[in-house]
Amino acid sequence: RNQGIGRKLLMVAAGMGALVGCYYVFSRRHTMLRRSAVRAKFSTVALDLDGTTLNTKHKLPQGNKEMIQKLVNMGINVAVATGRSMSGVYEHLRELELIKPIPVLCLNGALCLRASSDGKISTIFTDPVPKESTDKVVTLANELDFMVQFYIGDKVYAVPKNAKHVELMKRYEVLAGHPQIQLKDTAELEALGPPAKILVLTEDPDKLIEVAQKRFGGELHLVRGSPEPFFVEFLAKGVCKGTGLMKLCKELKIDPQTVVAFGDGDNDMEFLQYAGYGCAMKNARQVTKDKADVVLEWTNDDEGVARQLQRLLDQGILSPTAAKEEMPS
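Residues numbered from 1 in each chain as written. Predicted model: local features only at pLDDT ≥ 70, side-chain atom pairs only at ≥ 80, totals over all residues. Heavy atoms only, no water.

### So, the overall build of the chain
Broken down by element type, the chain carries 12 helices and 14 strands. Carbon and sulfur atoms make up 54% of the accessible area of the chain, which amounts to about 15,400 Å² in all. (Helix = DSSP H or I, 4+ residues; strand = E, 2+ residues; numbered from the N terminus. Areas by Shrake-Rupley, 256 points an atom, 1.4 Å probe, with all protein chains shown as cover.)

### Quick word on the nonpolar core
Formed by 60 residues in total, the largest nonpolar core has its most connected members in L71, M86, L93, V104, Y172, F262 and L318. Those residues in contact with L93 that lie beyond four places of it in its chain are M86, L98, I102, V104, A115, S116 and S117. One finds V138, V159, V200 and F216 within the second-largest nonpolar core, a separate group that totals 21 residues. (Core = buried A, V, L, I, M, F, W, Y, C linked by side-chain atoms within 4.5 Å. Buried < 20%, exposed > 50% of the residue type's maximum accessible area, 1.4 Å probe, protein only. Contact = heavy atoms within 4.5 Å.)

### With respect to the side chain of S116
You can see S116 is positioned in the loop between β4 (111–115) and β5 (121–126). A relative accessible area of 11% means that S116 is categorised as buried. Within polar-contact distance, the side chain of S116 engages the side chain of D118 at 2.3 Å. The residues contacting S116, other than those within four sequence positions of it, are L93 and P101. (Polar contact = N/O pair within 3.5 Å; in protein donor to acceptor, adjacent residues only side chain to side chain.)

### Section: the sheet that holds strand β11 (residues 231–236)
In space, the six strands of this open sheet follow the order β8-β7-β6-β9-β11-β10, with mixed pairing throughout. Whereas interior strands pair on both sides, the edge strands pair on one side only; in this sheet they are β8 (181–182) and β10 (220–224). Here strand β6 (residues 147–152) runs beside strand β7 (residues 155–158); their pairing, made up of four bridges, is antiparallel. Note that in β7 the partner of Q149 across the bridge is A158. Together, β9 (197–201), β10 and β11 form the strand contacts of helix α8 (residues 205–216), whose direction differs from that of β11 by roughly 30°. (Pairing = 2+ DSSP bridges. Axes fitted to C-alpha atoms, helices over the stretch in contact; angles between N-to-C directions.)

### Here's the deal with the packing of helix α3 (residues 62–74) against helix α12 (residues 304–314)
It is at 8 Å that the axes of α3 and α12 come closest, and there the two elements cross at 35°. In the crossing of α3 with α12, the sense of the turn from one axis to the other is left-handed. Contact with α3, carried on its side by G63, N64, M67, K70, L71 and M74, involves V305, A306, L309, Q310 and L313 of α12 and no other residues of that element. Counted by class, the contact of α3 with α12 contains seven nonpolar, three polar and one charged residues. (Left-handed = near helix turned anticlockwise from the far one by under 90°. Nonpolar A, V, L, I, M, F, W, Y, C, P; charged D, E, K, R; others polar.)

### Some points on the environment of G63
Following the sequence through the fold, G63 ends up in helix α3. The exposure class assigned to G63 is buried, which follows from its relative accessible area of 17%. Among residues more than four places away in sequence, those in contact with G63 are E303 and A306.

Printed below as a string of structure tokens:
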């Protein structure tokens, strides 16, 4: 009997050893795959704002500001990629005082502008939500008594109908750093034309996503609000930061594999995947970390973007000479 127990213990030990061995091999392979990405050369940096380049107070830390200025002065391409409208980006562009315009992917890739620190902008491309889909989202928001916002150009329009709507609208204003233009009803809202993005504000974004997916299927691209989840974004099918980045690279003749991207939220998953080297912040959502090439040991409050970029510069793998063609001014 004792011999039987001994054999069972040996079998359990062998099984545990095999599991540990498999885990070691997997972990080593995973680490090697991540490290292999940094053997390449990079010439373009694409930055998410909230939760990444900006701190938790939605301010631009001095270290990140100085690093971005340094890269632009060196001739390294820098682009911004954000869920914000352009009106929520102006403040930070002015603060950067850059010597030339940079591309800004707004509204999670639905609108791309070339913008300068003096406020001048020009359109690179736009992908609005189709009218039929827009009508469906507005109808759903009305049924659920949720507030809806339209993003057209660099303006944000909203139709608050009660005190709760106003409260959520003010909360979003603090997050985005700019006020919305209030309209009297959704008819006035829809008369403005097709929006690049629709945003529906709610305290239960996961429930709204569940309902919307059942109703719309794959007709629209839905994004859970980030970094504070009290809204859901509705974009045209196929539109996201990732596809926006690919379009931008095509427009400016940049190889996507020469791009280093930084992000933290659900809306950054494809963005980090499509870039040559995707960097997730320490404070990123786990689903986003899972899509990244590397997870940083720093948060957005630690100036993690500047620290990682300095590391890449020190390693000699981030430089303007890595590009086949420089980004035009």
